[in-house]
Amino acid sequence: MRSLKWILACACLVVLGATAALAQSESFTSADVEYTLELPTQTWKATSRPDNVHQHMEFVNGDRASGYLRVRKELVDAGTSAADLANRDLDAKLNFLPGFVRGKQERFTGRLSGVTASYEYTSAGKPMLGLVYYLQSDNRTVYTLHFTGRRDKLQLIRNQTDIIARSFHLK
C-alpha cells in the first residue's frame, strides 16, 4: 500500500511538472516570417538578424552555448527529399567544421515531417553538438531548424528542440 501511494505521488508530480512546462511555452510569430513555432520556456528569446536579402530570426536559450537556433527556408529541386538535403549539408558544409563527427539521421514527424541529423564538432576546444531538423513543406521547399550548443547542454534540452520542431508550421 505504501509503495502504491509513492507511485501515485510520483505520477502526480510528473503530471504537474509537464503541465507547468506547457504553461510556460510561448508562441512565436512575426510579420517578417512565414512560420509560427512554440518556444517551450521563457529562456528562449527571439532575435532578428537582417542580411542584404532577408530578415532572419534566430533564437537563443539564455546564451548561445546553451542552445542557439537558426531557421532557414531552403528551395530544392523537385523531388529532393529532406534526407537528400541533410546528406548534402553534412557532406558539403558541415563536414569541414573542426573535429566534425557525423551522427545519426532519423525520421521526424511533427506538423511538418522530415528527418533530423546530428553531428559533433569542436569550437575553441569545447565539444559542441549540432542538431538539424529538415522539415519538408512541399516537393520544392525544406525548412531547416539548426540547433547548436555545447554538447552537454544541448543534450539536456533535446526534448525542447523536439517541441520547437513539432510545433513549427506555416502561417
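Everything numeric here is computed off the predicted structure, so don't read it as measured data. (Residues numbered from 1 in each chain as written. Predicted model: local features only at pLDDT ≥ 70, side-chain atom pairs only at ≥ 80, totals over all residues. Heavy atoms only, no water.)

Looking at the side chain of Arg-72
Let me state the cut-off plainly: Where helices and strands are cited, they refer to DSSP runs of H or I of at least four residues and of E of at least two residues respectively, numbered from the N terminus. Two residues qualify as a contact provided that any one of their heavy atoms is within 4.5 Å of a heavy atom in the partner residue.
By the element assignment, Arg-72 lies in strand 5 (residues 68-75). Setting aside chain neighbours within four positions, we find Arg-72 in contact with Arg-49, His-56, Met-57, Glu-58, Val-142, Tyr-143 and Thr-144.

What about the pairing of strand 8 (residues 126-138)?
The condition is simple: Criterion used throughout: strands pair if DSSP finds at least two bridges between them.
Pairing analysis gives eleven bridges linking strand 7 (residues 113-123) to strand 8, with the strands arranged antiparallel. Within the sheet, the bridge partner assigned to Thr-116 lies in strand 8 and is Tyr-133. The antiparallel pairing of strand 7 with strand 8 creates a hairpin that spans two residues between the two strands, and Ala-124 there sits at a positive phi of about 55°. Summarising the sheet, strand 8 and strand 9 (residues 141-150) pair through ten bridges and their orientation is antiparallel. Paired with Met-128 across the strands is Arg-150, a residue of strand 9.

A look at the sheet that holds strand 1 (residues 26-28)
To be explicit about the condition: Angles run from 0 to 180 degrees between N-to-C directions of axes, and those axes are lines fitted to C-alpha atoms, restricted for helices to the stretch in contact.
Spatially, the three strands line up as an open sheet ordered 1-2-10, and their pairing is antiparallel. With one partner strand each, in any of the chains shown, strand 1 and strand 10 (169-170) form the two edges of the open sheet. Where strand 1 and strand 2 (residues 35-39) come together, three bridges link them in antiparallel fashion. Of the residues in strand 2, the one forming a bridge with Phe-28 is Leu-37. On top of the sheet, helix 4 (residues 158-167) reaches strand 2 and strand 10; it is set at about 155° to strand 2, its chief contact.

Some thoughts on the environment of Thr-141
With respect to the helices and strands, the residue Thr-141 is situated in strand 9. Contact partners of Thr-141, with chain neighbours within four places excluded, come to Lys-73, Glu-74, Leu-75, Val-76, Leu-135 and Gln-136.

Comments concerning the nonpolar core
Applicable threshold: Definition of nonpolar core: a set of buried residues of the types Ala, Val, Leu, Ile, Met, Phe, Trp, Tyr and Cys, connected through side-chain atoms within 4.5 Å. Burial classes: relative accessible area under 20% of the type maximum marks a residue as buried, over 50% as exposed, and values in between as partly exposed (1.4 Å probe, protein chains only).
Within the largest apolar cluster, 24 residues are counted, with the highest numbers of intra-cluster contacts made by Tyr-35, Leu-37, Phe-59, Leu-145, Phe-147 and Phe-168. Contributing elements (two or more residues each) for this core: strand 2, strand 4 (55-61), strand 5, strand 8, strand 9 and helix 4. Looking at this core, the element that brings in the most residues is strand 8, giving four residues. Filtering out sequence-adjacent residues up to four positions away, Tyr-35 remains in contact with Phe-28, Thr-29, Met-57, Phe-59, Val-71, Phe-168, His-169, Leu-170 and Lys-171.

Some thoughts on the confidence of the model for the protein chain
Selection rule: For every residue, the predictor assigns a confidence score, pLDDT, that lies between 0 and 100.
Per-residue confidence for the protein chain averages 87 on the pLDDT scale, and 83% of its residues sit at or above 70. Note that pLDDT drops below 50 for residues 8-23; the model gives that stretch one contact with residues more than four away or on any other chain.

A short note on the environment of Asp-162
Which entries qualify depends on this criterion: The term polar contact refers here to a pair of N or O atoms within 3.5 Å; inside protein, the definition further demands a hydrogen-donor-capable atom paired with an acceptor-capable atom, and it admits residues adjacent in sequence only when both atoms are side-chain atoms.
Residue placement: Asp-162 occurs in helix 4. Spatially, the C-alpha atom of Asp-162 lies 9.8 Å from that of Pro-40, the residues being 122 residues apart in sequence. A polar side-chain atom of Asp-162 sits 2.5 Å from a polar atom in the side chain of Tyr-133.

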